[in-house]
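# Commentary on secondary and tertiary structure
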Amino acid sequence: MDILVLPRKDLIVFICFAVVVLAMPIWLTPFGAAYPGLMQKFVIFALFAVGYNILFGLTGYLSFGHAAFLGVGSYTAVWSFKLLTMDVLPALVLAVVLSGIFSLAIGYVSLRRSGIYFSILTLAFAQMCYNLAYSVLTPITNGETSLQLSRLDARVVDAAFGVVRGERLPSPSLFGVELGGHAGFYLCAVVLLVAFFVAQKVFNSPFGMMLKAIKSNQTRMSYTGFNTRPYALAAFVISGMYAGLAGGLLAVTDPLAGAERMQWTASGEVVLMTILGGVGTLIGPVIGAWLIKYLENIFSAFNDAMLHRTFSFLPDGLQDGVVAVASKFVGEGWHLTLGLVFMLVVIFLPGGIMEGARRIRMAFGQRSGSAPQTKPDPVPAE
Amino acid sequence: MDQRPNIVLHVDDVFKSFGGLHALSDIDLQVEEGKTHAIIGPNGAGKSTLLNVIIGRIPPSRGAVVFDGTILTGKKPHEINQLGVVRVFQTPEIFPDLSVLQNVMTPAFAKRDGAFRVALARPLERETGIRDEALHMLEDVGLVDRREVHAGALSRGDKRRLELAMCLIQKPRLLLLDEPTAGMSRHDTNTTIELLKKIKSRGMTKVIIEHDMHVVFSLADKISVLAGGRIIAEGLPSEVRGDPRVQEAYLGGEHA
Ligand SMILES: Nc1ncnc2c1ncn2[C@@H]1O[C@H](COP(=O)(O)OP(=O)(O)OP(=O)(O)O)[C@@H](O)[C@H]1O
Ligand SMILES: [Mg+2]
């Protein structure tokens, strides 16, 4: 069947990717990052970025509001845990459906404009969602306290199946298997693999080529007989659903949803991940997501005491100075570091890490004969 | 039997002004099915503007365009394309980031699948029908060796040929060509003329704007001369060639 077919090259990529993801607990050990909480983050944000790239990488529409869909996914999943069942399947399905509906509405309006106006519209909508979550919608979102599980939740489906309320809060499960720790990670990993496969299908399909063509020359697209807006909207909704799925998974690994997930910094982060890794490539956004989450994990954990220890080899006066400066870049200030890294990449490596990898490969003379996914050779202006 | 010529394209009393500039005034044009209708005239005469009005890129200030009984004026570009009206632009409009082959496959999908379809299941590689068709087309315009190249890297003349291939693969009913051979070598110009002659025998209607009189006289069945936004002469090539007003407008325009 066509639907399960990938071209040979992509199949190899998929298999390698699957091995890398599933073996995370092994290869992350030397980095001290092989604990479930962090690995789940790696996988979930990779999923978010892969989906975001379907919009941004293929069509070129730069959305600054995708965290809204992440938030919608989280809230939906937690409500599903509260009202229906602790099983994650309905929670994830509902998260995808609801974020799809949201992105359809927001995309429909935002795509009436392009370029910077589109970006601003998406940003405005996302901030609106964020503010509503803190104000009018507090009955649904529980405002600043975040939406949480309670022992007294209805959980009608579970109740109908005769699940008895325990003394402690229930945790998410899949077909009765509780998803703590590594089980949670593996669930997320499998979801990522499926989502990655779908993204590969999109990239390889005629539909994906249309999206690239829209990015390349929208005028030609319309005079070629394509109605470009539904194409862009479809890409927008697909990427919104990926974001919702990621949000749902966040709730699965930790059944709690807060509005800060929808803030513009969260929307900006996925843009950074995609650009850092390599816009329009399949693997790039994944690497970008992993790198940012790893650095965040390291830098935000640093405190002054640790800095003093790190720089203890310096003479006292100098040491205080260095620590004072360095402390601005760690802990709460880790976004400063992120900003710096981002600037360096955009200036020196506009194609992101994937572009860097390609240049290195070229430098070693291993020119592969395959058609590059990156930019064509620059053409002199006529 | 009805012996009257079958007119597929009517341009009816069209005016277009940009601010105070009358780019087109009082334009009436009838194009007969299966024929090649050339529009010539000096720079700034309004030729491209006329094509823009026909294809829906700019709305006329007055008047309408009717193609085969359908009013084109007010329709969206993709709707006009789906009716079978296709255009080659004066500055080539291609997809610079796609490969040459993909450039030609894309319009074939528009023809097969319509204005919008989310085709996800079958990988591009397996679309052998469309792929073969596109390769065929590339062979016709002589770009088949460059099929894997990014279209943005082509020379200007090659971009023109590519755009022509992108238009021809849709088997349009009406093809609008805005200086299809400008910037081409003599040899490539002749190849293009041959190609356009070949599709003439397939019964496609063409409107062609051209400065190169060699091209015009080898292709046109009928010629309209545009100057200062008005049609100043119209007729068979032999008639137009000798018309003193045409020579004046042309020589006046070219050497002013
Ligand atoms: N969008 C526009 N806005 C304002 N003026 C325009 C616009 N398009 C064309 N014009 C003007 O209308 C006139 C006719 O332009 P047009 O491009 O149709 O000429 P043309 O006959 O195609 O000339 P050329 O042979 O140089 O291509 C010119 O004076 C041009 O400056
Ligand atoms: Mg012109």
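Not measured: the values here are computed from a predicted model.

To continue, consider the overall build of chain A. A tally of helices and strands in chain A yields 18 helices and 4 strands. Relative to the globule expectation of 21 Å for 382 residues, the C-alpha radius of gyration of chain A, 22 Å, shows essentially globular dimensions. Across its three principal directions, the C-alpha atoms of chain A cover 75 × 70 × 40 Å. For chain A, buried positions account for 50% of its 382 residues.

As a further point, take the site of ligand 1. All names here are of chain B. Around ligand 1 sit 13 residues, and of these Gly44, Lys47, Ser48, Thr49 and Gln90 come closest. Interatomic distance of 3.0 Å between a backbone N/O atom of Gly46 and an oxygen atom of ligand 1. Gln90 has a polar side-chain atom sitting 2.8 Å from an oxygen atom of ligand 1. If ligand 1 stood free it would expose 630 Å²; the protein chains cover 62% of that surface. Sorting the residues of the shell around ligand 1 by element identifies strand 2 (21-32) and helix 1 (47-55) as the ones contributing at least two each. It is helix 1 that contributes the most residues to the shell around ligand 1, 3 residues altogether.

The next point concerns the interface of chain A and chain B. The interface of chain A with chain B comprises 33 residues on the first partner and 45 residues on the second. Looking only at chain A, the three residues that lose the most surface to chain B are Met209, Arg220 and Tyr223 of chain A, adding up to 23% of its buried area. For the pair chain A and chain B, the interface holds 1 salt bridge. Across the pair Glu163 of chain B and Arg220 of chain A runs a salt bridge whose closest N-O atoms are separated by 2.5 Å.

All names here are of chain B. The strand order across the open sheet formed by 6 strands is 6-7-8-3-9-10, and the pairing between neighbours is mixed. In this open sheet, the two edge strands, each paired with only one partner strand, are strand 6 (85-88) and strand 10 (230-235). Across the sheet, the axes of successive neighbouring strands diverge by a mean angle of 15 degrees, strand direction being ignored. Pairing between strand 7 (residues 174-178) and strand 8 (residues 205-209): 5 bridges, direction parallel. Counterpart to Leu177 in the pairing with strand 8 is Ile208. Sitting on the sheet, helix 6 (residues 186-200) is in contact with strand 3 (36-40), strand 7 and strand 8, with an inclination near 150 degrees to strand 8.

We now examine the coordination of the magnesium ion (ligand 2). Donor atoms from the polypeptide that coordinate the magnesium ion (ligand 2) comprise Ser48 of chain B (OG) and Gln90 of chain B (OE1), at 1.9 to 2.2 Å from the metal. Highlighted residues: Ser48 of chain B in helix 1 and Gln90 of chain B in the loop between strand 6 and helix 3 (100-113), separated in sequence by 42 residues.

Residue and element names in this part refer to chain A. Estimated volume of the second largest pocket: approximately 670 Å³. Looking at the lining of the second largest pocket, the elements that each hand over two or more residues are helix 3 (36-59), helix 12 (228-253), helix 13 (264-277), helix 14 (284-299) and helix 17 (334-348). Element by element, the count of residues in the lining of the second largest pocket is highest for helix 13, at 6 residues. Among the residues making up the lining of the second largest pocket, the classes are represented as 9 nonpolar, 8 polar and 7 charged.

So, on to the pairing of strand 6 of chain B. Residue and element names in this part refer to chain B. What you see with strand 6 is no split at all: Val85 and Arg87 on one side and Val86 and Val88 on the other are buried throughout. Bridge count for strand 6 against strand 7 is 4 bridges, and the pairing is parallel. What sits directly across from Val85, in strand 7, is Leu174.

Right, let's get into helix 5 (residues 156-168) of chain B. A rise of 1.5 Å per residue sets the reference length of helix 5 of chain B, with its 13 residues, at 18 Å; its end C-alpha atoms lie 18 Å apart and thus fit the reference within 8%. Buried within helix 5 of chain B are the following residues: Gly157, Asp158, Lys159, Arg160, Arg161, Leu162, Glu163, Leu164, Ala165, Met166, Cys167 and Leu168 of chain B.

On to the sheet that holds strand 1 (residues 7-18) of chain B. Within the open sheet, the 4 strands sit side by side as 2-1-4-5 (chain B). Their pairing is antiparallel. Pairing within the sheet leaves two strands with one partner each, and these edge strands are strand 2 and strand 5 (70-71) of chain B.

This part is about the side chain of Ser99 of chain B. Residue and element names in this part refer to chain B. Looking at the element boundaries, Ser99 is found in the loop between strand 6 and helix 3. Overall, Ser99 belongs to the buried group, its relative accessible area being 11%. Contacts of Ser99, omitting those with residues within four sequence positions, involve Arg147, Glu148, Val149, His150 and Ala151.

A separate point is the environment of Glu178 of chain A. Residue and element names in this part refer to chain A. Mapped onto the elements, Glu178 comes out in strand 3 (residues 177-178). Residue classification places Glu178 among the partly exposed residues on the basis of a relative accessible area of 42%. Residues Glu178 and Met86 lie 92 residues apart in sequence; the distance between their C-alpha atoms is 9.4 Å. The contacts of Glu178, once residues within four sequence positions are left out, are Arg168, Ser171, Pro172, Ser173 and Ala183.

Applying the stated criterion across every chain yields a total of 21 salt bridges over all chains. The partner of Glu296 of chain A in a salt bridge is Lys41 of chain A, with the nearest N and O atoms 3.9 Å apart. Within this pair, whereas Glu296 of chain A is found in helix 14, its partner Lys41 of chain A is found in helix 3, the two being separated by 255 residues in sequence. For Glu32 of chain B, the salt bridge is made with Lys35 of chain B, and the minimal N-O distance between the two is 3.2 Å. A single salt-bridge network, built from bridges that share partners, covers Arg112, Asp113, Arg117, Arg122 and Glu127 of chain B.

Within the largest apolar cluster, 153 residues are counted, with the highest numbers of intra-cluster contacts made by Leu47 of chain A together with Val104, Leu138, Leu162 and Leu175 of chain B. Each residue touching Val104 of chain B, except ones within four places of it in the same chain, is listed here: Ala134, Met137, Leu138, Leu162, Ala165, Met166 and Ile169 of chain B. Membership of the second largest hydrophobic core comes to 28 residues, among which are Val14, Ile27, Ile58 and Leu174 of chain B.

Turning our eyes to something else, we now look at the domain arrangement of chain B. Residue and element names in this part refer to chain B. Structurally, chain B comprises domain 1 (1-84 + 172-256) and domain 2 (97-170). Domain 1 puts 20 residues into the contact, and the matching count from domain 2 is 12 residues. Summed over both partners, the interface of domain 1 with domain 2 comes to about 1,200 Å²; 61% of that surface belongs to carbon and sulfur atoms. Considering only the side of domain 1, the residues that lose the most area to domain 2 are Gln82, Pro172 and Leu195, jointly responsible for 34% of the buried surface there. Linking domain 1 with domain 2 are 2 salt bridges, by the criterion used here. A salt bridge links Arg161 to Asp188; its shortest N-O distance comes to 4.0 Å. At the surface where domain 1 touches domain 2, the tally comes to 4 residue pairs in polar contact (both at pLDDT 80 or more). Counting residues per element, the side of domain 1 that touches domain 2 draws most heavily on helix 6, which supplies 6 residues. When its residues are assigned to classes, the side of domain 1 that touches domain 2 shows 10 nonpolar, 6 polar and 4 charged.

Parameters at a glance
Residues numbered from 1 in each chain as written. Chains lettered and ligands numbered in written order. Predicted model: local features only at pLDDT ≥ 70, side-chain atom pairs only at ≥ 80, totals over all residues. Heavy atoms only, no water. Helix = DSSP H or I, 4+ residues; strand = E, 2+ residues; numbered from the N terminus. Rg over C-alpha atoms; globule rule 2.2 N^0.38 Å. Buried < 20%, exposed > 50% of the residue type's maximum accessible area, 1.4 Å probe, protein only. Near = heavy atom within 4 Å. Polar contact = N/O pair within 3.5 Å; in protein donor to acceptor, adjacent residues only side chain to side chain. Areas by Shrake-Rupley, 256 points an atom, 1.4 Å probe, with all protein chains shown as cover. Contact = heavy atoms within 4.5 Å. Buried area = accessible area lost by both parts, 1.4 Å probe. Salt bridge = Lys/Arg side-chain N within 4 Å of Asp/Glu carboxyl O. Pairing = 2+ DSSP bridges. Axes fitted to C-alpha atoms, helices over the stretch in contact; angles between N-to-C directions. Donors = N, O, S within 2.8 Å, 3.2 Å for Na, K, Ca; no water. 1 Å grid on protein atoms, 1.4 Å probe; cavity = no way out; pocket = protein on both sides within 12 Å on 5 of 7 lines; lining within 4 Å. Points joined across faces, edges and corners; volume = space filled by probe spheres on them. Nonpolar A, V, L, I, M, F, W, Y, C, P; charged D, E, K, R; others polar. Expected span 1.5 Å × (residues − 1). Core = buried A, V, L, I, M, F, W, Y, C linked by side-chain atoms within 4.5 Å. Domains from an automatic or database assignment.

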